[in-house]
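# Close look at the chain arrangement
So you can see what is in the structure, the chains are spelled out below.
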Amino acid sequence: MALYAMGDLHLSFQTDKSMEVFGRVWKNHVKKTEKYVSRIVKPEDTLVLTGDHSWGRKLEECAEDLAFIERLPGRKILLRGNHDMFWDAKKTEQLNERFRDRLFFLQDNFAAYEDYALVGTKGFTFEGPFYLDPWGNVTGWDEEKEARAEKLVAREMARLRRSFQKAEDAGYRKFVMFLHYPPTNILEESSPFTEIAEEYGVSAVVYSHCHGERRYGDSIRGMHHGIRYMLVSGDYLNFRPEQILPSSI
Ligand SMILES: [Fe+2]
Ligand SMILES: [Fe+2]
């Protein structure tokens, strides 16, 4: 039994939005996803999909995308991404009712994996705009957008804290923390998200959202303050799900 993760499938069975304009890695990405997930993930495994599942804006426009995810092997747990307009965070319980025993939507709740609690939320990262000097050094940024980002981070932190709290109340002491956005922006070495990860001593922080080679290094990867940070964007992994547990290190 193993725990895998991958994010950003950006499916569009009903909306016909091709991802191929974003580079060669996206060519036939749905076929690659199907092939690699089927090869790697076994029916007894768990696969966490870390957001940006579908281009559909309403649940009806996502039906085929979610059906595709349902058909993948293993138990599927979904996290909200910034593109998942079909998923109102306040209506997560209704989604879980509707997809009971088929898909689990991780928001203000947790999922058990062996003696671990899988907790998570979309998160948020301030993405600029940053102002650069001619050498590419950051000399400033849009402060209004930064203030807005701080509010969104606070809201996401409250949601994440509820997820941890519910898991802790249920007796869990081991955690894997999932975010859609990276835990820090390109200027930060720590953030409320890295702080809560350290507070709970999580086994790993798993995130996606970063697309294209220029973005893969935007946040922390590898060991940092004793915690493993893992980027699992589909294009970064060439659509091969990453094993989270058991850990290879
Ligand atoms: Fe994405
Ligand atoms: Fe995203």
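Presented here is an overview of the structure given in this document.

## Notes on the overall build of the protein chain
- Each helix and strand counted, the protein chain has five helices and 13 strands in total.
- In terms of overall dimensions, the protein chain is globule-like: its C-alpha atoms have a radius of gyration of 17 Å, near the 18 Å expected for 249 residues.
- Oriented by its inertia axes, the alpha-carbon framework of the protein chain measures out at about 50 × 45 × 35 Å.
- Expressed as a percentage of the 249 residues in the protein chain, the buried residues total 41%.
- For the protein chain, long-range pairs separated by at least 24 residues make up 78% of all intrachain contacts whose partners lie at least 6 apart in sequence.

## With respect to the environment of His 29
- With respect to the helices and strands, the residue His 29 is situated in helix 1 (residues 29-40).
- The class of His 29 is buried, set by 21 C-beta atoms lying within 10 Å.
- Sequence separation between His 29 and Leu 11 is 18 residues, and the spatial gap between their C-alpha atoms is 9.2 Å.
- Contact partners of His 29, with chain neighbours within four places excluded, come to Met 19, Gly 234 and Phe 239.

## Concerning the pairing of strand 8 (residues 138-141)
- Summarising the sheet, strand 7 (residues 130-132) and strand 8 pair through three bridges and their orientation is antiparallel. Within strand 8, the position partnered with Leu 132 by the bridge is Val 138.
- Remark: five residues form the turn of the hairpin made by strand 7 and strand 8, two consecutive strands paired antiparallel; Gly 136 in that turn has positive phi of roughly 90°.

## Re the sheet that holds strand 10 (residues 204-207)
- The strand order across the open sheet formed by six strands is 5-6-9-10-12-11, and the pairing between neighbours is mixed. At either end of the open sheet lies a strand with only one pairing partner, and these are strand 5 (111-113) and strand 11 (222-224). Strand-to-strand twist in this sheet, taken as the mean axis angle between neighbours without regard to direction, amounts to 30°.
- In this structure, strand 10 lies alongside strand 12 (residues 227-231), joined through four bridges in parallel fashion. Within the sheet, the bridge partner assigned to Val 205 lies in strand 12 and is Tyr 229.
- Across the sheet, helix 4 (residues 143-169) is in contact with strand 6 (116-121) and strand 9 (174-179); its angle to strand 6 comes to roughly 165°.

## A look at helix 1
- Compared with the 16 Å implied by 1.5 Å per residue over twelve residues, the 16 Å span of helix 1 between its first and last C-alpha is a close match.
- Considered for burial, the residues of helix 1 that qualify are His 29, Thr 33 and Val 37. All buried residues of helix 1 project into a common sector of 60° when viewed along the axis, lining one side. Facing away from the buried side of helix 1 by more than 90 degrees, the exposed set consists of Lys 31 and Arg 39.
- Those residues of helix 1 that are buried are in contact with strand 2 (46-49).

## Some remarks on helix 4
- For helix 4, built from 27 residues, the straight-helix expectation of 39 Å at 1.5 Å per residue is met to within 8% by its first-to-last C-alpha distance of 38 Å.
- Taken together, the buried positions of helix 4 are occupied by Glu 156, Leu 160, Ser 163, Phe 164 and Ala 167.
- If you follow the buried residues of helix 4, they end up packed against strand 6, strand 9 and helix 5 (192-199).
- Of the residues trailing helix 4, Gly 171 is marked for its positive phi of about 100°.

What counts as what
- Residues numbered from 1 in each chain as written.
- Chains lettered and ligands numbered in written order.
- Predicted model: local features only at pLDDT ≥ 70, side-chain atom pairs only at ≥ 80, totals over all residues.
- Helix = DSSP H or I, 4+ residues; strand = E, 2+ residues; numbered from the N terminus.
- Rg over C-alpha atoms; globule rule 2.2 N^0.38 Å.
- Buried ≥ 20, exposed ≤ 12 C-beta atoms within 10 Å, placed from the backbone.
- Contact = placed C-beta atoms within 7 Å.
- Pairing = 2+ DSSP bridges.
- Axes fitted to C-alpha atoms, helices over the stretch in contact; angles between N-to-C directions.
- Expected span 1.5 Å × (residues − 1).
- Arc of directions from axis to C-beta.

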